[in-house]
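Architecture at a glance
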Amino acid sequence: MDYTAIDFETASSEPTSACSIAAVVVQDNIVVEKFYTLIKPPPKTQFLNFCTKVNGITREMTEAAPDFPAVWGRLAHLLVGRLVVAHNAAFDMRVLEAMLRYYDIPVPDFCYACTVKLSRMAWPQLPSHKLDAIGDFLNVQFNHHHALEDSIACAAIPVAAGRATGYNSFLIMADKLGVTVRKFPPEPKEPKEVREARKKEAWLKRRAERLAKNDNDKKEKSAKLINDNQII
């Protein structure tokens, strides 16, 4: 299997607050390249205590780090034209897209998939599919919430899933297991009111179909009774 596993750490809940990134390149099921760097976030980015407690990254640690445009110059070739995976990919793709748009960097061309969903389909018996739980299951020792070590753990999942399911191609495995491979950037999330309207419309459509079916069943039954001369 060939793919790149990535992981972002952020200084806050804002997607433009990326403060570190890592990428691990897998070629023919073997890790062939690793990339890691701290990132100096945009000016006025807040460093929330909660995030610092999780990832250990402080503002002072990033002061001398390269900004995202400089990082992207070294990172882009590891992603462009490749399959990219991440554990909880929606988060990492949202951060990547936000950083690209903040600095007005052209959106790259690649596809991505989520290893959380892959692990759920490959090992449905596990009580948890969080990265640390999957790491324990696969005997991968790593320091959780360090971008490089998380990327290494993430990179181990497709290979292990392929061995468990008997698939040598990620795309074939994803298709057979029902794991969606999406094109970057992610489609914009619909507003809540739009999603609710879609759900209501779908429910009304199903209800109308059921009522119509029941009505047709009654008509067919009545017609049969008439034909059999069984009407009282």
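The structure reproduced in this document is the subject of the present report. Given the structure is predicted, the values throughout are model-derived calculations rather than measurements.

Let us now look at the sheet that holds strand 1 (residues 3-10). Strands sit in the order 3-2-1-4-5-6 across an open sheet of six strands; the sheet is mixed. Across the chains shown, the open sheet's two edge strands, defined by having one partner strand only, are strand 3 (30-38) and strand 6 (182-183). With eight bridges connecting them, strand 2 (residues 18-27) and strand 3 associate as antiparallel partners. Residue Ile21 lies in a different strand from strand 3, and its bridge partner there is Thr37.

One way to see where empty space is left: roll a probe the size of a water molecule over the atoms. In this structure, the largest pocket occupies an estimated 600 Å³ of space. Those elements that provide at least two residues to the lining of the largest pocket are helix 4 (89-102), strand 5 (111-114), helix 5 (115-122) and strand 6. In terms of residue count, helix 4 provides more of the lining of the largest pocket than any other element does, four residues in total. A breakdown of the residues in the lining of the largest pocket according to their chemical character gives ten nonpolar, four polar and nine charged.

With that out of the way, let us pick up the pattern of salt bridges. Counted under the stated rule, the structure contains three salt bridges. Of the charged contacts in the structure, one is a salt bridge between Glu63 and Lys40, with a shortest N-O distance of 3.9 Å. In this pair, Glu63 sits in the loop between helix 2 (59-62) and helix 3 (68-79) while Lys40 sits in the loop between strand 3 and helix 1 (49-55), placing the two residues 23 residues apart along the sequence. One salt bridge connects Glu97 with Arg101, and the closest N-O pair in it is separated by 2.9 Å. Taken together, the positions of Glu97 and Arg101, both in helix 4 and four residues apart, correspond to about one turn of that helix.

In this section: the packing of helix 7 (residues 147-165) against helix 8 (residues 170-177). Viewed as axis vectors pointing N to C, helix 7 and helix 8 meet at an angle of 65 degrees, and their least axial separation amounts to 11 Å. The two elements helix 7 and helix 8 meet at a crossing, and its hand is left-handed. Contacts from Pro158, Ala161, Gly162 and Thr165 of helix 7 reach helix 8 at Phe170, Met173 and Leu177. Among the residues making up the contact of helix 7 with helix 8, the classes are represented as five nonpolar, two polar and no charged.

Definitions and limits used
- Residues numbered from 1 in each chain as written.
- Predicted model: local features only at pLDDT ≥ 70, side-chain atom pairs only at ≥ 80, totals over all residues.
- Heavy atoms only, no water.
- Pairing = 2+ DSSP bridges.
- Helix = DSSP H or I, 4+ residues; strand = E, 2+ residues; numbered from the N terminus.
- 1 Å grid on protein atoms, 1.4 Å probe; cavity = no way out; pocket = protein on both sides within 12 Å on 5 of 7 lines; lining within 4 Å.
- Points joined across faces, edges and corners; volume = space filled by probe spheres on them.
- Nonpolar A, V, L, I, M, F, W, Y, C, P; charged D, E, K, R; others polar.
- Salt bridge = Lys/Arg side-chain N within 4 Å of Asp/Glu carboxyl O.
- Axes fitted to C-alpha atoms, helices over the stretch in contact; angles between N-to-C directions.
- Left-handed = near helix turned anticlockwise from the far one by under 90°.
- Contact = heavy atoms within 4.5 Å.

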